[in-house]
Amino acid sequence: MDLLREHANALDSSAGAFHEFLQYYDARKQVVYGFVEGKTDPPFYRGLIDNALPYGWKVKLIGLGNKDKVLRTYSKMDWSRFAKNRVCFFVDRDLSEFLGESYHAENIYVTDKYSIENEFVTFNTMERILEDIFGVIDLTPAEIDLVKNLFESNLRIFSEAMVPVMAQIILWKRGAMNVNLSNIIPKEYFDFNQGRIELKEAFISSNNRINHAAQRVAFPASSDDDIAAAEVEFRKKEGVEKYIRGKYILWFFIKSIFEISEVIPLLCPRYKVAPKNRIALGPKTATIVISGSLKCPESLKTFIELNFIKYIRDKTIAS
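Values in this document were obtained by computation on a predicted structure and should not be read as measured data.

Trainee: Would you explain the overall build of the protein chain in this entry?
Mentor: When helices and strands are tallied, the protein chain shows 15 helices and 6 strands. Taking 20 Å as the expected radius of gyration for a compact globule of 319 residues, we find that the protein chain reaches 22 Å, a close match to that expectation. C-alpha atoms of the protein chain, sized along the principal axes, occupy 65 × 50 × 30 Å. The buried share of the protein chain, taken over its 319 residues, is 50%. The contacts of the protein chain with a sequence gap of at least 6 include a subset with a gap of at least 24, amounting to 74%. On the protein chain, the mean spot of the 43 positive side-chain charges and the mean spot of the 42 negative ones are 5 Å from each other.

Here it is in structure tokens:
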């Protein structure tokens, strides 16, 4: 197929993704290519990938909007024309562990946890953000432990509270219900008190949380027995640690940063007032702001090595 015909066919592809790729693709340049789900995902992956590439090489990433578009674009690629380990695809695991879904291909990377957002949510990342963005520096080891214990306690409380909701979501997904998960808003369940997260009185009952989620998405709640069984399965597969929806846990993470920064004077007496953030930090900017504070997951390191680095090494040897 000649290039003009490829461009014509690409116009019919998912959201013009393949067409966009063809506009950027140049076999002569020192560039590797990738497709990612979200429009805000490229900064996350670009920073991690660029740091792993040899000097002079860079990665061009295209955000498509969702997983289906990434996988459809993969299916449209002419692998007789493009080197598989030069063009890679990055998708979120989501709840595939519970839905019998799998994505097996040497150049498709699947996140270890629900999504890339879940990779943000560690104390090490929070500590760097407090230092770099809020200017909280030179804490004593004892003060660092206070902040860490507060954050990790909040994370446990939040994650445990969301388990019944995630169990219900699994059941909706198994029922092939087209649920808009963005309609479930975690902040409606929680308050913070002096940096500590707590459930609002109306949502202390897990049934109330589930019923509220059901109202939000306009689907009926499942039976107590079905939810209990799904919750057991969720816990067995490390769902509390790995499979809370990324957008939900990202809200928790950003909110925790602000709430904990407000109580820094209580935890660290030499701070007389709460530190202020120097850079706008919110759900829409979090990927960009936080990406510089992340360490590359081991699975992603291996994937980059087996694909992009191998392609570059083979090309260098061939030339």
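Further notes follow.
Trainee: Just to check I follow, could you spell out the layout of surface pockets for this structure?
Mentor: In this approach, a probe sized like a water molecule rolls over the atoms, and the result shows the empty space that is left. Considering only enclosed or pocket space, the largest pocket measures out at about 1000 Å³ in volume. What lines the largest pocket is a set of 35 residues, among which Glu-37, Asp-92, Asp-94, Arg-245 and Lys-247 lie closest to the centre. Looking at the lining of the largest pocket, the elements with two or more residues in it are helix H4 (67–76) and helix H12 (246–262). In terms of residue count, the dominant contributor to the lining of the largest pocket is H12 (5 residues). Looking at the lining of the largest pocket residue by residue, the classes come out as 13 nonpolar, 9 polar and 13 charged.

Trainee: Could you clarify how one ought to interpret the pairing of strand S2 (residues 58–63) in this entry?
Mentor: In this structure, strand S1 (residues 31–36) lies alongside S2, joined through 6 bridges in parallel fashion. Bridge pairing in S2 places Val-36 opposite Gly-63.

Trainee: What am I meant to see in empty space enclosed by the protein here?
Mentor: Counting across every chain of the model gives 1 cavity of 30 Å³ or more. If you trace the largest cavity, you find it lined by Phe-44, Tyr-45, Tyr-109, Thr-111, Ile-116, Glu-119, Pro-297 and Leu-300. Secondary-structure elements contributing two or more residues to the lining of the largest cavity are helix H3 (42–50) and helix H6 (116–120). Taken together, the residues of the lining of the largest cavity break down into 6 nonpolar, 1 polar and 1 charged.

Trainee: It is not clear to me how the packing of aromatic side chains should be interpreted in this structure. Could you clarify?
Mentor: Pairs of aromatic rings are described using the distance from one ring centre to the other and the angle between the two planes. Inspection of the entire model under this criterion finds 30 aromatic pairs. Centroid distance Phe-98 to Tyr-243: 5.5 Å. Interplanar angle 90 degrees. Geometry classified as edge-to-face. In this pair, Phe-98 sits in helix H5 (residues 96–99) while Tyr-243 sits in the loop between helix H11 (239–242) and H12, placing the two residues 145 residues apart along the sequence. A relative accessible area of 4% places Phe-98 in the buried class. The exposure class of Tyr-243 is buried, given its relative accessible area of 2%. Aromatic rings pair up to connect Phe-123, Phe-151, Phe-158, Tyr-189, Phe-190, Phe-203, Trp-251, Phe-252 and Phe-253 into one cluster. Its end group placed over the ring of Tyr-24, Lys-60 keeps NZ or CZ at 3.9 Å from the ring centre.

Trainee: It is not clear to me how the side chain of Ser-96 should be interpreted in this structure. Could you clarify?
Mentor: Assignment of secondary structure puts Ser-96 in helix H5. Here Ser-96 falls in the buried class, since its relative accessible area comes to 4%. Among the polar contacts listed, one links the side chain of Ser-96 to the backbone oxygen of Arg-93, at a separation of 2.9 Å. When residues no more than four places from it in sequence are discounted, the contact partners of Ser-96 are Glu-101 and Tyr-103.

Trainee: What is the right way to look at the sheet that holds strand S3 (residues 87–91) in this model?
Mentor: Two orientations exist for strands paired in a sheet by backbone hydrogen bonds: parallel and antiparallel. Across the sheet, 4 strands lie side by side as S2-S1-S3-S4; this open sheet has parallel pairing. Looking at strand neighbours, the two that pair on one side only are S2 and strand S4 (108–110), the edges of this open sheet. Strand after strand, the sheet turns through a mean of 25 degrees between neighbouring axes, direction not considered. The pairing of S1 with S3 spans 4 bridges and is parallel. Paired with Tyr-33 across the strands is Val-87, a residue of S3. Packed on one face of the sheet, helix H15 (residues 298–318) meets S1, S2, S3 and S4 and runs near 165 degrees to S3.

Trainee: Honestly, the pairing of S3 in this entry has me stumped. Any pointers?
Mentor: Remark: a regular strand shows side chains that alternate across the two faces of the sheet. Most of S3 sits inside the fold, with 5 of its 5 residues counted as buried. A two-sided burial pattern is seen for S3, the buried positions comprising Val-87, Phe-89 and Val-91 on one face and Cys-88 and Phe-90 on the other. With 3 bridges connecting them, S3 and S4 associate as parallel partners. Bridged to Phe-90 within S4 is Tyr-109.

Cut-offs used in this document
Each chain carries its own residue numbering, running from 1 in the written order of its sequence. Under the rules for a predicted model, residues below a pLDDT of 70 receive no local features and side-chain atom pairs below 80 are neither given nor counted, while totals for whole chains, interfaces and linings still include all residues. Here the side-chain values reflect all heavy atoms present in the structure, with hydrogen atoms and water set aside. Going along the chain from the N terminus, every DSSP run of H or I of four or more residues is numbered as a helix, and every run of E of two or more is numbered as a strand. Here the globule rule is a power law, 2.2 Å times the number of residues to the power 0.38, and the radius of gyration is based on C-alpha atoms. The classification of residues rests on relative accessible area computed with a 1.4 Å probe and restricted to protein chains. Under 20% of the type maximum is buried, over 50% is exposed, and intermediate values are partly exposed. Every residue pair with non-hydrogen atoms within 4.5 Å of one another is taken to be in contact. Here Asp and Glu are counted as negative and Lys and Arg as positive; His is not counted, and neither are the chain ends. To locate a charge, take NZ of a lysine, CZ of an arginine, CG of an aspartate or CD of a glutamate. In this analysis a 1.4 Å probe is tested at points of a 1 Å grid over the protein atoms alone, and where it fits but cannot get out there is a cavity; an open set with protein on both sides within 12 Å along at least five of seven lines is a pocket; lining residues have an atom within 4 Å of a point. Grid points are joined across faces, edges and corners, and a volume is the space filled by probe spheres set on the points. In the scheme used here, Gly and all other residues not listed as nonpolar or charged are polar, with Ala, Val, Leu, Ile, Met, Phe, Trp, Tyr, Cys and Pro taken as nonpolar and Asp, Glu, Lys and Arg as charged. Two strands qualify as a pair provided that DSSP identifies no fewer than 2 bridges between them. Each Phe, Tyr or Trp ring (for Trp, its six-membered ring) is paired with any other whose centre lies within 6.5 Å, and the angle between the two planes then decides the class: stacked below 30 degrees, edge-to-face above 60, tilted in between. Placement of a charge over a ring requires the Lys NZ or Arg CZ to be within 6 Å of the ring centre, with the centre-to-atom vector within 35 degrees of the ring normal. Identification of polar contacts relies on pairs of N or O atoms within 3.5 Å, with a donor-acceptor requirement for protein atoms, meaning one able to donate a hydrogen and the other able to accept it, and with residues adjacent in sequence counted only if both atoms are side-chain atoms. To obtain each axis, a line is fitted to C-alpha atoms, and for helices this fit is confined to the stretch in contact; angles are then taken between N-to-C directions over 0 to 180 degrees.

Function-wise, these values are silent; they only describe arrangement.
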